[in-house]
Amino acid sequence: MRAKIVAGNWKMNKNLAETGVLLSELKTKLKEAPDAKIIVAPTFTNLYYAFEELKEFDIEVAAQNMHQSENGAFTGEISADMLKSTGVDTVILGHSERRAYFGETDALLEEKVNTALRHDMTVIFCFGEELEDRKAGNHFDLVESQLKNALFKLDADSWKNIILAYEPVWAIGTGETASPEQAQEMHAFIRKTIANAFNAEIAEEVSILYGGSVKPANAKEIFAKPDVDGGLIGGAALDPQSFAAIANSF
Ligand code: 13P
């Protein structure tokens, strides 16, 4: 049975003190034995602190990005080995904000994914179409090409370390959510695409999260869809009450 997952992408929010407050509130508000795996992704500067704080809890810590090289003269960058040395072995790659504001291409993301997997990390791989793609009816083709370009050269065994996060760009931070039917339709398409490129077992086992304006009010309905295995939460992950309500909606 594939894992149910609720992950909070904190983006560039929360300093060290604020991270402490949010984590302690989450510890009290989340269910003792949650039905979904819970992941939080604070900024780089707070990862080690978050990892230490959450060691005894059923909450995993992920990074929001990572460089593709092992090490070297890449001022300001963070390597897979650095992340792993803090205890963090999950990384979000391919977020639409990285693609849009930092020029991350499918080819670069393929390299990043390969590096993370070489270090035995788990990758939360994000992808999704822009509003123009959806309006033009290109959203399935676009999503298929994003998956193909970054992930389809993987060997079958690597898929156990991949979590997919479909995040339609038009729904991120806009308050406009894909309807549960739109999410289900795309997630079923993604699963079928993976089954065709690899096999039915990999497609059945991979968790596919939905991201884009998930809130306590809509989480239950979205997560109830058969091919939606959880969510990647932005804004609502910064409020412990909201994130806990979303995480507890399974
Ligand atoms: P929002 O939940 O704020 O729309 O952000 C979604 C997201 O980008 C998670 O990675």
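Scroll up to find the structure this text is about.
Right, let's walk through the structure included here. (Residues numbered from 1 in each chain as written. Predicted model: local features only at pLDDT ≥ 70, side-chain atom pairs only at ≥ 80, totals over all residues. Heavy atoms only, no water.)

Re the nonpolar core
Then comes step 1: One finds Leu151, Trp159, Leu164, Ile190 and Ile194 to be the most contacted residues of the largest nonpolar core, which totals 65 residues.
Then comes step 2: Counting residues per element, this core draws most heavily on helix α8 (residues 180-197), at five residues.
Then comes step 3: With near-sequence residues (within four places) excluded, Trp159 lies in contact with Leu151, Phe152, Leu154, Leu164, Ile194, Phe198, Ile202 and Val206.
Then comes step 4: Within the second largest apolar cluster, 12 residues are counted, among which are Ile5, Ala62, Cys126 and Ile163. (Core = buried A, V, L, I, M, F, W, Y, C linked by side-chain atoms within 4.5 Å. Buried < 20%, exposed > 50% of the residue type's maximum accessible area, 1.4 Å probe, protein only. Helix = DSSP H or I, 4+ residues; strand = E, 2+ residues; numbered from the N terminus. Contact = heavy atoms within 4.5 Å.)

Points about the sheet that holds strand β2 (residues 37-41)
Then comes step 1: Strand order across the open sheet formed by eight strands is β3-β2-β1-β8-β7-β6-β5-β4, with parallel pairing between neighbours. Pairing within the sheet leaves two strands with one partner each, and these edge strands are β3 (59-61) and β4 (90-93). On average, each strand axis in the sheet is tilted by 25° relative to the strand beside it, whichever way the strands run.
Then comes step 2: Looking at chain direction, β2 and β3 are connected through three bridges and run parallel. Residue pairing for β3: Ile38 is matched across the bridge by Ile59. (Pairing = 2+ DSSP bridges. Axes fitted to C-alpha atoms, helices over the stretch in contact; angles between N-to-C directions.)

Comments concerning the pairing of strand β8 (residues 230-233)
Then comes step 1: Residues Gly230 and Leu232 line one face of β8 and the alternating positions Gly231 and Ile233 line the opposite face, and both faces are buried.
Then comes step 2: Pairing between strand β1 (residues 5-9) and β8: four bridges, direction parallel. Residue Val6 lies in a different strand from β8, and its bridge partner there is Gly231.
Then comes step 3: As defined by bridge partners, strand β7 (residues 208-211) adjoins β8 across two bridges and the pair is classed as parallel.

Comments concerning the pairing of strand β6 (residues 162-166)
Then comes step 1: Burial of β6 is extensive: five of the five residues sit out of reach of the surface.
Then comes step 2: Of the two faces of β6, the one lined by Ile162, Leu164 and Tyr166 and the one lined by Ile163 and Ala165 are each fully buried.
Then comes step 3: Note that strand β5 (residues 122-127) and β6 share five bridges and pair parallel. Bridged to Phe125 within β6 is Leu164.
Then comes step 4: Alignment of β6 against β7, held across three bridges, turns out to be parallel. Considered in β7, the bridge of Leu164 is made with Ile208.

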